[in-house]
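# Structural overview for review
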Amino acid sequence: MTAQRALPMKVPVPGLPARVRIHEVGARDGLQNEQEIVPTEVKAEFIRRLAVAGLTTIEATSFVHPKWVPQLADAEALFPLLGEIVDVGDVSLPVLVPNERGLDRALALGARSIAVFGSATETFAARNLNRTVDESLAMFEPVVARAKADKVHVRGYLSMCFGDPWEGAVPVAQVVRVAKALMDLGCDELSLGDTIGVATPGHVTALLTALNEAAVPTEAIGVHFHDTYGQALSNTLAALQHGVSTVDASAGGLGGCPYAKSATGNLATEDLVWMLDGLGIETGVDLDALTATSVWLAEHLGRPSPSRTVRALAPSSSSASHKE
Ligand code: HMG
Ligand code: MG
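Keep in mind the model is a prediction, meaning the values are calculated, not measured.

Quick notes on the rules
- Residues numbered from 1 in each chain as written.
- Chains lettered and ligands numbered in written order.
- Predicted model: local features only at pLDDT ≥ 70, side-chain atom pairs only at ≥ 80, totals over all residues.
- Heavy atoms only, no water.
- Helix = DSSP H or I, 4+ residues; strand = E, 2+ residues; numbered from the N terminus.
- Buried < 20%, exposed > 50% of the residue type's maximum accessible area, 1.4 Å probe, protein only.
- Contact = heavy atoms within 4.5 Å.
- Pairing = 2+ DSSP bridges.
- Salt bridge = Lys/Arg side-chain N within 4 Å of Asp/Glu carboxyl O.
- Axes fitted to C-alpha atoms, helices over the stretch in contact; angles between N-to-C directions.
- Parallel < 35°, antiparallel > 145°, perpendicular 65-115°, else oblique.
- Left-handed = near helix turned anticlockwise from the far one by under 90°.
- Nonpolar A, V, L, I, M, F, W, Y, C, P; charged D, E, K, R; others polar.
- Core = buried A, V, L, I, M, F, W, Y, C linked by side-chain atoms within 4.5 Å.
- Near = heavy atom within 4 Å.
- Polar contact = N/O pair within 3.5 Å; in protein donor to acceptor, adjacent residues only side chain to side chain.
- Areas by Shrake-Rupley, 256 points an atom, 1.4 Å probe, with all protein chains shown as cover.

The next point concerns the environment of V42. As for its position among the elements, V42 is in helix α2 (residues 40-52). Under the relative-accessibility criterion, V42 is labelled buried at 10%. Distance in space between the C-alpha atoms of V42 and L78 is 9.7 Å, their sequence separation being 36 residues. With residues up to four places along the chain from it excluded, the contact list for V42 reads W296, L297 and H300.

What follows covers the pairing of strand β11 (residues 246-249). Here β11 shows two buried faces, one formed by T246 and D248 and the other by V247 and A249. The sheet contact formed by strand β1 (residues 21-24) and β11 spans 4 bridges and is parallel. Among the inter-strand pairings, E24 is bridged to a residue of β11, identified as A249. Relative to β11, strand β10 (residues 221-225) runs parallel, the two being bridged by 3 bridges. Among the inter-strand pairings, V223 is bridged to a residue of β11, identified as V247.

Turning our eyes to something else, we now look at the pattern of salt bridges. Considering all chains together, one arrives at 16 salt bridges under this definition. One salt bridge connects R21 with E189, and the closest N-O pair in it is separated by 2.9 Å. Of this pair, R21 sits in strand β1 while E189 is found in strand β9 (residues 189-194), placing the two residues 168 residues apart along the sequence. For R21, a relative accessible area of 29% translates into the label partly exposed. What makes E189 buried here is its relative accessible area of 7%.

Helix α11 (residues 287-301) packs onto α2 with a crossing angle of 165° between their chain directions and a minimal axis gap of 9 Å. Here α11 runs roughly antiparallel to α2, going by the angle between their axes. The handedness of the crossing between α2 and α11 is left-handed. Of the residues in α11, those in contact with V42, E45, F46, R49 and L50 of α2 are L290, T293, W296, L297 and H300. Here the contact of α2 with α11 is composed, by residue class, of 6 nonpolar, 2 polar and 2 charged.

With that settled, the discussion passes to the nonpolar core. By size, the foremost hydrophobic cluster in this structure holds 97 residues, and its most contacted members are F46, V95, I114 and L240. In terms of residue count, helix α6 (residues 133-149) provides more of this core than any other element does, 7 residues in total. Once residues within four sequence positions are removed from consideration, L240 is found in contact with G15, L16, P17, V20, V247, M275, L276, L279 and I281.

Glancing now at the site of ligand 1. Residues in close proximity to ligand 1 total 25 residues, the closest being Q32, N99, R131, S159 and T195. V64 is positioned such that a nitrogen or oxygen atom in its backbone is 3.4 Å from a nitrogen atom of ligand 1. For ligand 1, an oxygen atom lies 3.1 Å from a polar atom in the side chain of H224. Here ligand 1 has 1,100 Å² of accessible area as a free molecule, and 74% of this is covered by the chains. At the level of elements, α1 (26-30), α4 (100-108), α5 (122-129) and β6 (153-159) are the ones that each hand at least two residues to the shell around ligand 1. With 3 residues, α4 is the single largest residue contributor to the shell around ligand 1. Residues of the shell around ligand 1, tallied by class, amount to 10 nonpolar, 10 polar and 5 charged.

Take a look at the structure:
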């Protein structure tokens, strides 16, 4: 008998969503942490391969100040390449937009889905946006209003929902206040960021419950976990048990946390798909095609993927050496 590729046995758990929409962030959140500039054509091909693998929400880039995130300074060159390679009728390509200047740039290129990105803590708001929390909300207000008037879909990211490297534990009530403010601006969805990966499942359930009590519906909530302490999948399962059906993940686990050098990055999309496949939850993602994409990108980056699933399914890729 020839060896078979390992597959998880499908064993559903009652009460979980039948389908999960994966919000793929590798091309933006993952690549923004890469020191060496990745060629625009490689980014475009990465996004094309992600779409071929079945991902339907692929965050493409950011229209932020190029000095703040040099890796994404090619947004104007990248975005037009995507129209040709992705059937945009089926695939949405959200882009990050912090302010009206960013919105003008994104709309000029035909973006139909944007994300503003706030912080639950003052220190991260200052470091990431050069604003207080309330000043950032004021900066987003006209962005969301104009986008909504133009029928552009708006996601509101909220970072540091569980802990902050400068301020420590972040009280649930503090997170709820900013989350509610983002929803009140008119965001269509909210993504709860565990930016430094410190959340645990009980904390996730407590925050989701508090948000519901503040009239933020579960259907509008997505979760964005980092795997720094190995908790990302446990936290995802807690969110699914609460009814969340939008989960952010990054192909190959791309992306570290710039504030915790040894930290692993975002939840790897392959690890997520493995768990969801096993639970019998539909994602539309072809795990083999996705793994091949992450192996391909790892070769470009000269570094193996940190995803356990990628390493298990493509063991030879673990030997990728660093490109000088
Ligand atoms: P600032 O320095 O306060 O900007 O930065 P400003 O409003 O004072 O303007 C200064 C100059 O920048 C002006 O030019 C503006 O036109 C220009 P000048 O008049 O001096 O020639 N400018 C821009 N240029 C291009 N595009 C723009 C833009 N805006 C202003 N959009 C700013 C404020 C928000 C711009 C800056 O702080 C910034 O770009 N921050 C982005 C930081 C970032 O992208 N971080 C990563 C994303 S968040 C994240 O990864 C977390 C997440 O994944 C979830 C999680 O894990 O938690 C979402
Ligand atoms: Mg992230």
